[in-house]
Each structure stands twice: as structure tokens, then as C-alpha cells.
Amino acid sequence: VQLQASGGGLVQAGGLLRLSCAASGHTISSYNMGWFRQAPGKEREFVAAPGWKGDITYYADSVKGRFTISRDNSKNTVYLQMNSLKPEDTAVYYCAARGILNSGTYYHPNSYDYWGQGTLVTVSS
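Residues numbered from 1 in each chain as written. Predicted model: local features only at pLDDT ≥ 70, side-chain atom pairs only at ≥ 80, totals over all residues. Heavy atoms only, no water.

S.K.: How do you make sense of the packing of aromatic side chains when you look at a structure like this?
M.R.: The way to describe two aromatic rings as a pair is by their centre distance and the angle between their planes. If you walk through the whole model with that rule in mind, you get nine aromatic pairs. Between Y31 and Y114, the aromatic rings sit 5.8 Å apart at their centres with planes inclined by 90°, giving edge-to-face as the arrangement. Taken together, the residues Y31 in strand β4 (residues 31–38) and Y114 in strand β10 (residues 114–115) connect sequence positions 83 residues apart. When its relative accessible area of 10% is taken as the criterion, Y31 is described as buried. The partly exposed category is assigned to Y114, whose relative accessible area is 33%. Their ring planes at 90° and their centres at 5.2 Å tell us that Y106 and Y107 sit as a pair that is edge-to-face. Taking relative accessible area as the criterion, Y107 reaches 45% and is therefore assigned partly exposed. Taken together, the ring pairs connect F36, F46, Y58, Y94, Y106, Y107, Y112 and W115 into an aromatic cluster. (Phe/Tyr/Trp six-rings, centres within 6.5 Å; stacked < 30°, edge-to-face > 60°. Helix = DSSP H or I, 4+ residues; strand = E, 2+ residues; numbered from the N terminus. Buried < 20%, exposed > 50% of the residue type's maximum accessible area, 1.4 Å probe, protein only.)

Set out below in C-alpha cells:
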């Protein structure tokens, strides 16, 4: 599966952005998806992941209550709605996919087999 992330940009603190991750090559219904981010000089960290059926969602504590992840299997796309953005949210955001039978944990980058190219989010103070 190929993943294409988009929607990043420059926004002021308190603003909002919606990231999209469009998949091609395979349907995302065959994968568990996730969003990660990596700030300069820091390790890649988990942001959010929807359950396979979209009935459960997982969030990093740092974004809980501000970000919302969703998936639209009919459009083969995963979204990340980011509200009340803070300067510390500045990072390159990556979407990722792992097979349904992958036994890895949803929050660990090493559990994911496929990665998009990333989209830069910059939040100014």
C-alpha cells in the first residue's frame, strides 16, 4: 500500500488543520492505520490510531481532547483533525499502516510496515 499525507501548513497557536492520508494500491480496510509525528531532534512519536472498524480510537496524552482521528474506508483515507494547536505540535506528521494480523502495538513505530512521506505542520506562537 502507498500512503500520501497532505494538509500540513503554517498556522497560529489555537488554530486548526486537517491532515489526510490517502492510500493506494490496497484498501485500508486490510490495515490498521496510525498517525505519528517527529519534531526536529526528537524521536518519532505516536499521535493517534483508529480501530480497524473505527469504533475505538487511541490518542497520545498530549493530543487527547484536541485531535480527532477518523477513517473513511470508502475513500481509502484516514484523517487527523487537529484543533487548538500549540507550538509544541510543530512536527512532520506521518501516516502509517500495518497489516491486520500484525501483532505489534499500535503506538510503536516499529509495528508499522508502510509509511507516507510526511507533511509538515508548523504552529507559531
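S.K.: What's the story with the sheet that holds strand β1 (residues 2–6) in this structure? I'm lost.
M.R.: Note: strands within a sheet are paired through backbone hydrogen bonds, in either parallel or antiparallel orientation. One open sheet holds the four strands; their spatial order is β1-β3-β8-β7, and the pairing between them is antiparallel. Single-partner strands in this sheet number two, and they are β1 and β7 (67–72). Neighbouring strand axes in the sheet, compared pairwise and without regard to direction, differ in orientation by 15° on average. Strand direction decides the pairing type here: β7 and strand β8 (residues 77–82), joined by six bridges, are antiparallel. The residue of β8 that forms the bridge with I69 is L80. (Pairing = 2+ DSSP bridges. Axes fitted to C-alpha atoms, helices over the stretch in contact; angles between N-to-C directions.)

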